[in-house]
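This is what each chain is made of:
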Amino acid sequence: MSRALGFGAVARAYERFRPEYPPDLADLVLAYAGHPLRTALEIGAGTGKATRLFAARGIAVTATDPDPAMLAELRVPGVTTVRAAFEELSPDHRYDLVYAAAALHWTAPEGRWSRMAALLEPGGIVASFGGPVLAADPAVRAAVRIAFRGDDAVPSPDGTPPEQRMQWPGTELQRSELFTDVRQEVLEHRRTLSAHDYLGYLGTLSATLRLPQAERAQVLALVAAALPARVEIIADITAHLARRT
């Protein structure tokens, strides 16, 4: 949780530099649902990168996040915001959809799926999606890896090896008796950023935020020296979908 709360220090940069999610993602979730979704609860909404997608489809979204600085940057008309971690949410109200954009791994594993099920209407949909943002140029990717002495990849919370087809959280959803019809889909997403914007994105990573300020500046300067004027990125999105039984 402490690392999850660290993003608030760069909330404005997070909103400015983190890539937007493509409209195809909302299409994927709605097609899977197979019927109109009226209400949705978002876990770890941050500054609203994914919130906009579903609110634009006429869904009444309740966006939650434990960090007030992140929620202060979430300015999506018609969306209700709640300052709370997933573990603090009350199951008094149920939703047609509960989703998390690159945030579910920050939640506590104990009771995760029973808590999720309690927030959903019978037959309701759970969706989790995200993925690493990588430079398409191997030389740029190598420069980032060297500067950071590794990468910002989040290891699988349940230890699923990367070569296995079904990845987390689909693996846990498949093992849970509370959910059915578990699917994993990948959406290709490519963008080209200016060197300035790519550095801005790197400045919002948890690997960057963990560094002392002086070292952080050194790392970003090393990467900047290796960047072309335009940086093509690969931001493919892996989505996991399931229905509450």
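Look up a bit, the structure's there.
Per-chain numbering applies: the sequence of each chain, read as written, is numbered from 1 onward. With pLDDT at 70 or above as the cut-off, local features in this predicted model cover only qualifying residues; side-chain atom pairs require 80 or more to be listed or tallied, and sums for whole chains, interfaces and linings still use all residues. For side-chain calculations, the full set of non-hydrogen atoms in the structure is used, while hydrogens and water are omitted.

Considering the overall build of the protein
Step number 1: Helix and strand counts for the protein come out as 11 helices and 10 strands.
Step number 2: The quantity called the radius of gyration is restricted to C-alpha atoms. Its globule counterpart is 2.2 Å times the number of residues to the power 0.38. Scaling as 2.2 N^0.38, a compact globule of 245 residues should have a C-alpha radius of gyration of about 18 Å, and the protein matches this with 18 Å.
Step number 3: The C-alpha extent of the protein, read off along each of the three principal axes, is 55 × 40 × 30 Å.
Step number 4: By definition in these notes, contact holds between two residues if any of their heavy atoms fall within 4.5 Å. Summarising the internal contacts of the protein: among those between residues at least 6 apart in sequence, 76% fall at separations of at least 24.
Step number 5: Within the structure as shown, the protein displays about 11800 Å² of accessible surface, and the carbon and sulfur contribution to it stands at 53%.
Step number 6: In the protein, which carries 26 positive and 28 negative side-chain charges, the distance between the mean positions of the two groups comes to 3 Å. Numbering of helices and strands runs from the N terminus; a helix is a DSSP stretch of H or I covering at least four residues, while a strand is a stretch of E covering at least two. With residues, only the protein chains shown are counted as cover, and all accessible areas are computed by Shrake-Rupley using a 1.4 Å probe. A residue counts as positive if it is Lys or Arg and as negative if it is Asp or Glu; His and the chain ends are not included. A single reference atom marks each charge: NZ on Lys, CZ on Arg, CG on Asp, CD on Glu.

So, unusual backbone geometry
With glycine set apart, most residues show a phi of negative sign, and most peptide bonds adopt trans.
Step number 1: In this model, Trp168 is joined to Pro169 through a cis peptide bond whose omega is 5°.
Step number 2: Counting through the fold element by element, Pro169 comes out in the loop between α7 (138-148) and α8 (170-175).
Step number 3: At Ala102, a position not held by glycine, the phi torsion is positive, near 50°.
Step number 4: Along the chain, the position of Ala102 falls in the loop between β4 (95-101) and α6 (112-118).
Step number 5: Note on exposure labels: buried denotes an accessible area under 20% of the residue type's maximum, exposed denotes more than 50%, and partly exposed covers the range between, all computed with a 1.4 Å probe on protein chains only. Judged by relative accessible area, which is 37%, Ala102 ranks as partly exposed.
Step number 6: Positive phi, normally seen in glycine, also occurs at Asp181, with a value near 55°.
Step number 7: Relative to the assigned elements, Asp181 resides in strand β7 (residues 179-187).
Step number 8: Overall, Asp181 belongs to the partly exposed group, its relative accessible area being 29%.

Structural notes on the pattern of salt bridges
Step number 1: Salt bridges, as used here, are contacts in which a Lys or Arg side-chain nitrogen is within 4 Å of a carboxyl oxygen on Asp or Glu. Overall, the coordinates contain 13 salt bridges when judged by the stated rule.
Step number 2: Across the pair Arg112 and Glu172 runs a salt bridge, and its minimum N-O distance is 3.1 Å. Here Arg112 is found in helix α6, whereas its partner Glu172 is found in helix α8, with 60 residues between them in sequence. The two residues Arg112 and Glu172 agree in class, both being buried.
Step number 3: Between Arg175 and Asp158 there is a salt bridge, with its nearest N and O atoms 3.1 Å apart. On the criterion of sequence distance, the pair formed by Arg175 in helix α8 and Asp158 in the loop between α7 and α8 is long-range, its members being 17 residues apart.
Step number 4: What makes Asp158 partly exposed here is its relative accessible area of 24%.
Step number 5: What you see here is one network of salt bridges that share partners, running through Glu15, Glu20, Lys49 and Arg52.

A look at the pairing of strand β10 (residues 237-244)
Step number 1: Of all 8 residues making up β10, 7 are buried, and the element is well covered by its neighbours.
Step number 2: The pairing criterion is simple: DSSP has to find at least two bridges between the two strands. With 6 bridges joining them, strand β5 (residues 120-130) and β10 adopt antiparallel strand pairing. Bridge assignment links Ser128 to a residue of β10, and that residue is His240.
Step number 3: Here β7 runs beside β10; their pairing, made up of 7 bridges, is antiparallel. Opposite Thr180, over in β10, you have Arg243 as the bridge partner.

Describing the environment of Phe179
Step number 1: In this fold, Phe179 is placed in strand β7.
Step number 2: Residue Phe179 is classed as buried on the basis of its relative accessible area, which comes to 5%.
Step number 3: Excluding residues that lie within four positions of it along the chain, Phe179 makes contacts with Trp113, Met116, Ala117, Leu120, Val126, Leu173, Ala242, Arg243, Arg244 and Thr245.

Section: the pairing of strand β1 (residues 39-43)
Step number 1: Most of β1 sits out of view: 5 of its 5 residues are buried.
Step number 2: Of the two faces of β1, the one carrying Thr39, Leu41 and Ile43 and the one carrying Ala40 and Glu42 are both buried.
Step number 3: In the sheet, β1 pairs with β4 via 4 bridges, with the strands oriented parallel. Within β4, the position partnered with Glu42 by the bridge is Tyr99.

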